[in-house]
Amino acid sequence: MAAPLSDHEKRKQISIRGIVGVENVSEIKKGFNRHLHFTLVKDRNIATHRDYYFALAHTVRDHLVGRWIRTQQFYYETDPKRVYYLSLEFYMGRTLQNTMINLGLQNACDEAIYQVRRLKVLKVEEDAGLGNGGLGRLAACFLDSMATLGLAAYGYGIRYEYGIFNQRIKEGWQVEEADDWLRHGNPWEKARPEYMLPVHFYGRVEETKKGPKWVDTQVVLAMPYDTPVPGYMNNTVNTMRLWSARAPNDFNLQDFNVGDYIQAVLDRNLAENISRVLYPNDHFFVGKELRLKQEYFVVAATLQDIIRRFKTSKREHTSSTISFDTFPDKVAIQLNDTHPALAIPELMRILVDIEKLHWDKAWNITKRTFAYTNHTVLPEALERWPIQLLETLLPRHLQIIYEINQKHLDRIAALFPKDLDRLRRTSLIEEDGGKRINMAHLCIVGSHAVNGVAQIHSNIIKTDVFKDFSELEPDKFQNKTNGITPRRWLLLCNPGLAELIAEAIGEEYVKDLSQLKKLNDFVDDDTFIRDISKVKQDNKEKFAQYLEKVYKVKINPSSMFDVHVKRIHEYKRQLLNCLHIISMYNRIKKDPTAPFVPRTVIIGGKAAPGYHMAKMIIKLITSVAEVVNNDPVLDDKLKVIFLENYRVSLAEKVIPATDLSEQISLAGTEASGTGNMKFMLNGALTIGTMDGANVEMAEEAGEDNLFIFGMRVEDVKLYSFSQSLGNLQIYKNLSILQCKSKLRCGFFSPQQPALFKDITEMLFKHDRFKVFADYEDYVCCQERVSRLYQEWTKKVIKNIAASGKFSSDRTITEYATEIWGVEPTDLKIPSPNEPREAIEETARALKKASIL
């Protein structure tokens with residue numbers, strides 16, 4: 001017997017997630033049964049939950065395909081400027097529910113699933129974990145927004161066979177397991193072998209009368225796999241094209257004849273290893289040949305594909321000759337960080353060596369085509385590739401980079417005569433510690449626009465990290481504050497809140513998140529305050545049940561859910577949070593009867609496999625949790641959970657249940673963050689430093705509606721000069737001394753008393769990210785959090801109302817109009833059941849609108 005529907009589930013029956021019509025449900029059920037039998041060749045007697053998931057996925061995909069084809073027809077007819085988003089990471093997560101929402105099928109599918117008694121199918125889908133964290137998830141949000149805004153956009157990346165590793169916690173330590181996400185197949189992708197392309201490596205450069213020629217190369221084939229990306233309720237379905245490496249079939253005949261056929265077949269794996277696994281990101285750049293191969297592989301295949309599409313456009317079909325003069329008017333390429341930077345010399349190679357354009361003309365086209373997004377200010381994270389490696393792997397590209405650099409330095413020398421230090425600082429080639437190519441410098445020189453991802457971050461790269469380049473071309477540098485898609489991060493993960501907002505202000509906010517400002521009218525509405533609190537409590541109770549089931553820890557759902565989820569890294573300062581947990585533990589133990597606002601502290605995230613300190617931080621957190629959760633004196637006042645294998649689908653569970661969002665990086669180290677925005681939109685209050693997008697969140701909501709603490713960027717710079725003096729204060733802070741004592745005496749690791757020696761040594765001797773400098777202010781701020789916890793729903797409403805700025809729709813609109821030179825549109829592409837002539841009518845309407 002199925003459980004009765006809750007109030008919020010009943011309300012979904014007439015919700016913004018789609019109307020439940022009898023015809024819709026019947027159609028979904030027919031498609032479901034058809035695919036179960038004819039696609040999966042199963043009946044209900046032997047079908048598994050995974051079979052039911054695939055049947056439903058194929059049914060929903062059927063609704064996508066016609067729109068997908070129709071969208072490409074529309075782009076061919078209208079020949080718009082196309083946007084290409086190049087990223088080595090696309091952290092897509094699960095696809096099924098997001099697709100159902102964007103097509104308006106969610107409730108019809110829910111009802112169909114309910115009727116066939118298969119309620120668990122959505123949980124079966126594997127996360128497509130083709131990203132490490134924020135950068136890859138940002139790319140996924142951007143694809144959703146580009147489709148929703150009607151842009152002719154394409155995402156290009158790599159189809160990794162193994163995504164970000166699965167994290168297992170064994171005896172408190174992180175253990176990595178391979179993420180074989182494709183082992184059951186992927187119903188959303190379509191292989192396109194007809195568009196397979198060659199990618200060249202190694203070889204040598206031969207000087208000929210017609211110019212340099214790259215010869216004697218080794219060839220790897222790039223096989224494209226296309227995934228549809230639907231916009232929200234507008235019939236637009238764009239494409240994410242991911243490349244998979246394939247070895248060519250032409251074996252060496254001599255090897256075959258001497259009996260090495262088997263070895264020749266086995267050697268194919270060496271070529272196909274290029275797309276085998278995603279590199280974990282530890283914010284410490286380490287040059288590896290396979291990683292450089294991945295970076296060139298994706299840009300080489302992508303640029304061939306872009307140029308093929310440019311040459312076969314409707315406009316070029318009507319012209320007798322193909323001219324690259326219009327290439328930047330029809331193509332915009334955005335580089336998501338420096339990973340695809342080799343696209344710049346690769347386009348130059350194509351234009352100069354193959355298309356035979358003059359260097360200056362090719363360079364003008366290249367610069368007008370590319371734009372670059374910077375994602376980090378940590379110097380050790382910036383890519384620098386050894387000259388020797390490029391000389392072996394990509395000899396022609398090294399020549400091109402040398403020439404780009406020479407012309408760039410000639411310009412600098414002309415503008416700043418005798419300023420040799422400026423030449424050194426701005427060169428693409430670094431000489432210190434061996435010759436290396438600075439890929440960020442290559443991106444800046446080869447792009448017409450460079451942007452940071454939050455206002456404070458953009459200011460830092462202009463005034464500090466890339467100051468010399470900014471002085472040279474100040475108009476080139478821009479800010480594009482990151483955003484998140486409200487379709488996944490509200491409608492999908494928090495339907496109760498989404499419905500409540502729709503009832504209050506209407507449904508238009510889903511495509512125009514700025515309308516959330518209207519919620520300010522409800523700040524003093526007792527009914528709305530009560531409803532907001534109920535939605536949050538429902539989410540907390542649901543997540544508490546999940547935690548108890550998975551971690552066998554009884555959670556008090558009335559406690560404050562204090563959440564810190566992101567990659568484990570010293571600069572994100574999970575250690576600061578952990579020290580606060582220890583101080584709370586000490587306080588309760590000292591006086592168990594003293595008033596204390598109950599807390600459940602939830603920390604999650606993955607450490608890069610080779611990052612020793614990050615792994616030690618995880619071990620410390622799990623060790624502290626073991627002590628805290630098993631101490632009967634604490635009762636349910638304090639619990640600590642480390643979320644194993646944090647990923648997109650787990651974020652969709654924890655974020656709606658969060659009361660307090662921890663965004664506590666050292667000021668000036670986090671480029672933007674997007675988790676902070678997701679928590680804000682879902683009604684969590686932020687405790688954080690003035691870093692990344694926190695600054696703009698405070699501006700939007702009012703600083704008094706966030707819990708801000710710690711040094712500002714200017715303070716951090718000053719602190720660096722007075723750090724030795726500051727350390728004297730550490731030894732006067734009783735709370736710090738008590739934490740230090742427990743760590744050093746092995747209180748949390750009785751079997752290995754010296755286990756956390758590396759952490760204490762780092763904190764007290766070379767604390768680069770200044771945990772102790774902000775500790776006292778952090779603890780005081782947490783006290784303020786506890787005092788206000790019982791009465792902060794008004795602040796919650798103000799935060800939700802102020803989160804409209806942080807929609808990726810706004811971010812993409814800014815990219816489109818200020819960098820790419822394209823205009824978003826709310827015109828709806830004709831649905832597949834309308835005649836082909838409807839495309840031409842819509843195309844004429846679009847052209848008329850653009851003229852006006």
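Preceding block: the structure.
Heads up: these notes are all about the structure in this document.

Reading the values: rules and limits
Residues numbered from 1 in each chain as written. Predicted model: local features only at pLDDT ≥ 70, side-chain atom pairs only at ≥ 80, totals over all residues. Heavy atoms only, no water. Salt bridge = Lys/Arg side-chain N within 4 Å of Asp/Glu carboxyl O. Helix = DSSP H or I, 4+ residues; strand = E, 2+ residues; numbered from the N terminus. Buried < 20%, exposed > 50% of the residue type's maximum accessible area, 1.4 Å probe, protein only. Pairing = 2+ DSSP bridges. Phe/Tyr/Trp six-rings, centres within 6.5 Å; stacked < 30°, edge-to-face > 60°.

Attention now moves to the pattern of salt bridges. Under the defined criterion, the tally for this structure stands at 52 salt bridges. The partner of Arg-396 in a salt bridge is Asp-353, with the nearest N and O atoms 2.7 Å apart. With a gap of 43 residues between them, Arg-396 in helix H16 (residues 395–415) and Asp-353 in helix H13 (residues 343–354) connect regions that are remote in the sequence. Per residue, the accessibility class of Arg-396 equals that of Asp-353, and both read buried. With a shortest N-O distance of 2.7 Å, Asp-774 and Arg-573 are connected by a salt bridge. Here Asp-774, found in helix H33 (residues 771–788), pairs with Arg-573, found in the loop between strand E22 (560–565) and helix H24 (574–590); they are 201 residues apart in sequence, far enough to count as distant. Of the two residues, Asp-774 and Arg-573, both sit in the buried class. One network of salt bridges, in which partners are shared, links Asp-419, Asp-421, Arg-422, Arg-424, Arg-425, Asp-468 and Glu-471.

Moving on: the sheet that holds strand E19 (residues 436–438). The three strands lie next to each other as E17-E19-E18, forming an open sheet whose pairing is antiparallel. Edge positions in the sheet fall to strand E17 (384–386) and strand E18 (429–430), since each has one partner strand and no second. Pairing between E17 and E19: three bridges, direction antiparallel. The partner of Trp-385 across the bridge, within E19, is Ile-437.

A separate point is the packing of aromatic side chains. Across all of its chains, the model carries 23 aromatic pairs by this definition. Between Phe-310 and Phe-327 the ring centres are 5.1 Å apart and the planes differ by 75°, which places this aromatic pair in the edge-to-face class. Of this pair, Phe-310 sits in helix H10 (residues 289–311) while Phe-327 sits in helix H12 (residues 327–330); the two residues are 17 residues apart in sequence, bridging distant segments of the chain. By relative accessible area, which is 4% here, Phe-310 ends up buried. When its relative accessible area of 0% is taken as the criterion, Phe-327 is described as buried. Consider the rings of Tyr-815 and Trp-820, whose centres lie 5.3 Å apart with planes at 20°: the pair is stacked. As far as the burial class goes, Tyr-815 and Trp-820 line up, both buried.

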